[in-house]
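Remarks on the overall topology
One letter stands for each residue in the lines below.
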Amino acid sequence: MGGAKAWMFSVVSVNLNGSVLSNKHVCWRWRSSAAQQSKPISWSLVFGLMLFSLGIVSLFTGHVVSDLDWYSRRLVKQKLYFKLDGSNKGPIDIWKSENGKSFYGCSKRSRKFPHAVRERSSNGYLLIAASGGLNQQRTGISDAVVVARVLNATLVVPELDHNSYWKDNSDFVNIFDVNWFISYLVKDVTIVKKVPDKFMRSMEKNPYSMRVPRKSPPEYYLDQVLPILKRRRVLQLTKFDYRLANNIDEELQKLRCRANFHALRFTKPIQELGQKLVLRMREMAIRFIAVHLRFEPDMLAFSGCYFGGGDKERYELAEIRKRWETLPDLDADGERSRGKCPLTPHEVGLMLRALGFANDTYIYVASGEIYGGEETLRPLRDLFPNFYTKEKLANEELKPFLPFSSRLAAIDYIVCDESDVFVTNNNGNMARILAGRRRYMGHKRTIRPNAKRLSSLFMERDKMDWDTFARKVKAVQRGYMGEPDEMRPGRGEFHEYPYSCICKKNGDPESEQVRGNQGLKNRSKEEEPVLGAKGDEQVFLI
């Protein structure tokens with residue numbers, strides 16, 4: 001390939017500096033001189049040179065064609081998103097993505113993807129300890145499925161973290177439908193609920209535990225983990241979150257999507273209550289917004305930001321920060337200017353009103369403990385009086401779930417996923433996971449704040465009239481509204497930008513698929529995009 005590139009460059013250089021003409025002239029003089037001297041021509045030499053030249057040309061052109069074909073296929077796969085580059089500054093529908101209807105989630109396994117290795121033939125049992133809260137664990141579980149596949153291992157149903165900030169003792173079976181998880185992935189990975197007792201009794205040592213570096217490529221697992229697995233037969237990977245690289249083989253990426261978007265289905269009690277809340281929101285309004293607010297005291301303290309609460313806030317958050325001995329001293333103003341601070345509930349309300357959402361819009365707020373309580377939430381309630389939470393929609397029905405933060409988070413997840421518009425004030429795990437899922441489900445409208453640009457606008461809010469403020473908010477939020485053109489292969493976390501698992505529908509202009517090769521008609525019911533409720537369109541002009 002390097003030779004082909006050098007050859008192409010030399011041709012371009014020749015054309016630019018005019019040496020092609022001089023070469024032709026020299027060749028002409030050589031023929032003229034030969035004719036005058038009437039020297040006999042060695043035809044065998046001529047034919048030999050011609051054959052040699054043809055061989056060289058075919059060698060190089062073969063490389064060139066291969067090189068160009070490789071690049072063209074890469075560009076075709078990427079250009080579909082780039083065509084929707086936001087250059088059209090016309091109205092944007094704040095409730096749904098017009099371009100999103102041309103795309104759909106496509107993670108169906110290829111016929112060339114071999115079936116899973118059966119339990120008896122596998123290289124051993126892989127134990128996974130997922131860490132963090134619900135959505136952080138979700139990324140770990142999805143990645144664990146891929147790692148088990150890479151290692152030809154039997155995956156044991158992952159263990160969930162009981163010691164994190166969330167302090168939830170729920171197990172996998174309390175949150176996810178374990179039988180569905182095993183059966184959905186049966187062709188991809190062999191999964192068991194536990195290591196067989198007779199196998200454990202026969203072991204001379206306890207299962208070996210290790211922690212792999214963050215975002216390790218498959219090669220690392222094959223080189224460093226597989227030999228230990230083969231030797232010990234049972235291996236546990238601890239603190240398993242974001243331990244697999246973003247950019248891996250396309251078929252493995254699709255497996256990642258199958259695990260995340262299809263195999264991880266919540267238990268029936270969680271699913272039923274979540275759908276009840278969605279139905280109750282729909283009974284009040286044709287369309288509604290779900291806002292995910294991360295504004296817990298610990299989260300704010302960890303951020304190192306200042307949110308306008310005076311000396312009381314500075315003292316309280318500073319005391320909480322003492323829990324982490326290794327946290328550096330941060331400049332609150334600098335963090336805000338760099339876009340590292342979550343928006344306050346008031347700022348979220350101002351952003352939404354500036355984008356064009358009226359004050360009679362219904363909003364569902366998903367949150368944990370809000371720092372400052374009702375006083376912090378009041379400005380958002382004033383801007384959107386139709387303000388609902390899971391506690392308000394399901395009082396008695398929620399009681400069995402109250403001791404379990406992960407199960408409460410799962411209920412919020414369902415309502416946020418089913419909402420017409422999903423809005424976040426941060427870039428945390430739930431925000432990223434839901435953003436990726438909503439892209440996969442047809443690019444349902446997902447608004448994440450351009451915190452870096454918005455921070456200066458909020459600081460200057462009192463110095464400009466509302467129309468000017470609204471116009472500027474709309475301008476800085478272009479590119480942060482969940483449109484297909486925001487997708488870039490290799491950008492961010494794969495769970496947030498699942499580009500390998502999104503295809504363009506057949507029948508549309510330039511209907512090549514972004515990734516994959518299955519058509520729209522071959523989708524399973526599990527892959528059907530969820531369409532938002534229909535209603536009058538509301539647009540804003542940027």
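Residues numbered from 1 in each chain as written. Predicted model: local features only at pLDDT ≥ 70, side-chain atom pairs only at ≥ 80, totals over all residues. Heavy atoms only, no water.

In the annotation of an unreviewed UniProt entry, the entry for the protein reads O-fucosyltransferase family protein, and the organism field reads Gossypium darwinii. Here is the UniProt Sequence similarities (unreviewed entry) comment for the protein, exactly as written: "Belongs to the glycosyltransferase GT106 family." (UniProt positions renumbered as here; feature names shortened; annotations may be inferred.)

Points about the state of the cysteines
Under the defined criterion, the tally for this structure stands at three disulfides. Across the disulfide, Cys106 is cross-linked to Cys503 (sulfur-sulfur distance 1.9 Å). Between Cys106 and Cys503, the S-S dihedral sits near 80°, and the bridge is therefore right-handed. Of this pair, Cys106 sits in the loop between β2 (103-105) and β3 (125-130) while Cys503 sits in strand β13 (residues 502-504), and the two are 397 residues apart along the sequence. (Disulfide = S-S within 2.5 Å. Helix = DSSP H or I, 4+ residues; strand = E, 2+ residues; numbered from the N terminus.)

Comments concerning the sheet that holds β3
Note: strands within a sheet are paired through backbone hydrogen bonds, in either parallel or antiparallel orientation. Judged by pairing direction, the sheet is parallel, and its five strands sit side by side in the order β5-β4-β3-β7-β6 without closing on themselves. One side of each edge strand has no neighbouring strand; the edge strands of this open sheet are β5 (191-192) and β6 (208-210). Examined bridge by bridge, β6 and strand β7 (residues 234-240) share three bridges and lie parallel to one another. Residue Tyr208 lies in a different strand from β7, and its bridge partner there is Leu235. Across the sheet, helix α8 (residues 218-232) is in contact with β3, β6 and β7; its angle to β7 comes to roughly 135°. (Pairing = 2+ DSSP bridges. Contact = heavy atoms within 4.5 Å. Axes fitted to C-alpha atoms, helices over the stretch in contact; angles between N-to-C directions.)

Topic: the packing of helix α4 (residues 134-151) against α8
Two numbers describe how α4 lies on α8: the axes approach to 10 Å, and their chain directions differ by 70°. By the angle between their axes, α4 is roughly perpendicular relative to α8. Considering how the two elements wind past one another, α4 and α8 form a crossing that is right-handed. The residues of α8 that touch α4, namely those facing Val147, Val150 and Leu151, are Pro218, Tyr221, Leu222, Val225, Leu226 and Leu229. Classifying every residue of the contact of α4 with α8 by side-chain character gives nine nonpolar, no polar and no charged. (Parallel < 35°, antiparallel > 145°, perpendicular 65-115°, else oblique. Left-handed = near helix turned anticlockwise from the far one by under 90°. Nonpolar A, V, L, I, M, F, W, Y, C, P; charged D, E, K, R; others polar.)

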